[in-house]
Amino acid sequence: MSMRTKGFKICAGLAALSLAVAGCQQKPPEASGPKLPTEIGAGEGSLSIISWEGYAEDQWVKPFEEQTGCKVTRKYAGSSDEMVALMRQNDGQYDVVSASGDATLRLIAGKNVLPVNTALITEFPNFTESLKAPSFNTVDGVHYGITYEWGPNTLLYNTKAVKTAPTSWATIYDPQYKGKVTVPDNAIQIADAALYLSKTKPDLGITDPYELNTAQMDAVVALLKAQKPLIKKYWALASDEISLFANGDAVIGAAWPYQTNTLKANKPPVPVEDTIPSEGATGWADTWMISSKSTHQNCAYKWINWVSTPVVQAQQAIYFGETPVNKNACAEMDKQGGAGTCTRYHADAPKEYFDQIHFWKTPQTQCGNGKTDCLDYAEWQKRWLEVKG
């Protein structure tokens, strides 16, 4: 629930997705595609959402239903792979999805999502400029979704069990925490280990944690295999990790700010903190996308407009612990959460903060350095299964 793709050629990139993107052609989807709507009509009465946990809370869903008449049903997914699978199997039961940067291009290439008319999104002009048309959801100038919120994948730890606040990802590979470590059950987790090795073993030549050749991947997999005996559980849902920390089964692991906020709000509170270690962090920037099989497109556009407003962006950011894309949400965050909330959630953070986050993107054979010996996402999935045994 991750913040992400920079500077690769879309045509070559989509072609290189191979097994990860079934049926991809040698060019991106035609810009003409389905004709873009020019107005939002009356709602169809219902809207079915696939999202991360914490992205469709009653706090903003209920007012949306009351105002629009669009009754919301929710399906929470535990990984980007699950979201892609649900959207590919979709025969009309799902309308929108909150896809992360490691899923969006797969959905676009598979023609599972529709182009979006940004002119119908009232708050779009107020979005952070760099996230208006990022390459993870915009192909050849065609928008296939609206960037929502973004944030880092953090290092979460129990302050009673981990006496000294960690400053490096090295702690999740430390044998002293054997049986008490937890990380996401997701092939993109390979990038976290690659980022760590890029700083601690520079001789590997890893310059982008999502662009790994075979030798670099072998080194990353070796690290992850060495970590496996330390793992209590590879978590699929945020609630899985929350339970592990609440029950004392895990004391350190890779997480999202959502887990930290939930554990601190627990009664009694669980003594946890999180941090972005010195090596930096991976992260996500999520996109609301409309299914190509949706039969409730007016409700879908109404939803995207609703969650793009400063009020809802602030609610979502404070609830989940992430950063809104709408710049006007900053003042609203201070109003809802008290003075300093905007700063606490990095909505006014300098470029340096943004730059330390390596946003998720779909691994491809086309490397950013012009070479074509990087491993694609299908290979990443195979290697992740190898790690888990």
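Residues numbered from 1 in each chain as written. Predicted model: local features only at pLDDT ≥ 70, side-chain atom pairs only at ≥ 80, totals over all residues. Heavy atoms only, no water.

Caption draft 1: The arrangement of the state of the cysteines in detail. Enumeration over the complete set of coordinates arrives at three disulfides. The disulfide that involves C70 links it to C299, with 2.1 Å between the sulfurs. Measuring the twist about the S-S bond at about -85°, one finds the C70-C299 disulfide to be left-handed. Highlighted residues: C70 in the loop between helix 2 (58-68) and strand 2 (71-76) and C299 in helix 9 (residues 297-307), separated in sequence by 229 residues. Classification of C299 as buried rests on a relative accessible area of 0%. Here C367 connects covalently by a disulfide to C374, the sulfurs 2.0 Å from one another. Between C367 and C374 the sulfur-sulfur dihedral comes to about 125°; the bridge is accordingly right-handed. (Disulfide = S-S within 2.5 Å. Helix = DSSP H or I, 4+ residues; strand = E, 2+ residues; numbered from the N terminus. Buried < 20%, exposed > 50% of the residue type's maximum accessible area, 1.4 Å probe, protein only.)

Caption draft 2: A look at unusual backbone geometry. Going from K267 to P268, the amide bond is cis rather than trans, its omega being 0°. Within the secondary structure, P268 sits in the loop between helix 8 (257-265) and strand 11 (272-275). Even without being glycine, K111 reaches a positive phi, approximately 55°. By secondary structure assignment, the location of K111 is in the loop between helix 4 (104-109) and strand 4 (138-139). A residue is classified by how much of its surface remains accessible, and K111, at 56% relative accessible area, is exposed.

Caption draft 3: Just the side chain of Q316, in detail. Its place among the elements puts Q316 in helix 10 (residues 310-320). Discounting residues that sit within four places of it in the chain, Q316 has contacts with G54, Y55, W60, Y148, E149, G321 and E322. (Contact = heavy atoms within 4.5 Å.)

Caption draft 4: A look at the nonpolar core. Formed by 109 residues in total, the largest nonpolar core has its most connected members in V220, I252, W288, W303 and W380. Counting residues per element, this core draws most heavily on helix 9, at seven residues. Of all hydrophobic cores here, the second largest spans six residues; its members include A314, C330, M333 and C342. (Core = buried A, V, L, I, M, F, W, Y, C linked by side-chain atoms within 4.5 Å.)

Caption draft 5: Spotlight on the environment of Y157. Tracing the chain through its elements places Y157 in strand 7 (residues 154-158). Counting along the chain gives 114 residues from Y157 to P271, while the straight-line C-alpha distance between them is 8.5 Å.

Caption draft 6: Seen up close, the pattern of salt bridges. Under the criterion given, the structure shown has 13 salt bridges. E129 is the partner of K132 in a salt bridge, and the nearest nitrogen-oxygen pair spans 3.2 Å. K361 is the salt-bridge partner of E211, the closest N and O atoms lying 3.3 Å from each other. In this pair, E211 sits in the loop between helix 5 (190-200) and helix 6 (214-227) while K361 sits in the loop between strand 14 (357-359) and helix 14 (377-388), placing the two residues 150 residues apart along the sequence. Grouping residues by exposure puts E211 and K361 together as buried. Each of the salt bridges in this network shares a partner with another, and the network as a whole consists of D218, K225, R383 and E386. (Salt bridge = Lys/Arg side-chain N within 4 Å of Asp/Glu carboxyl O.)

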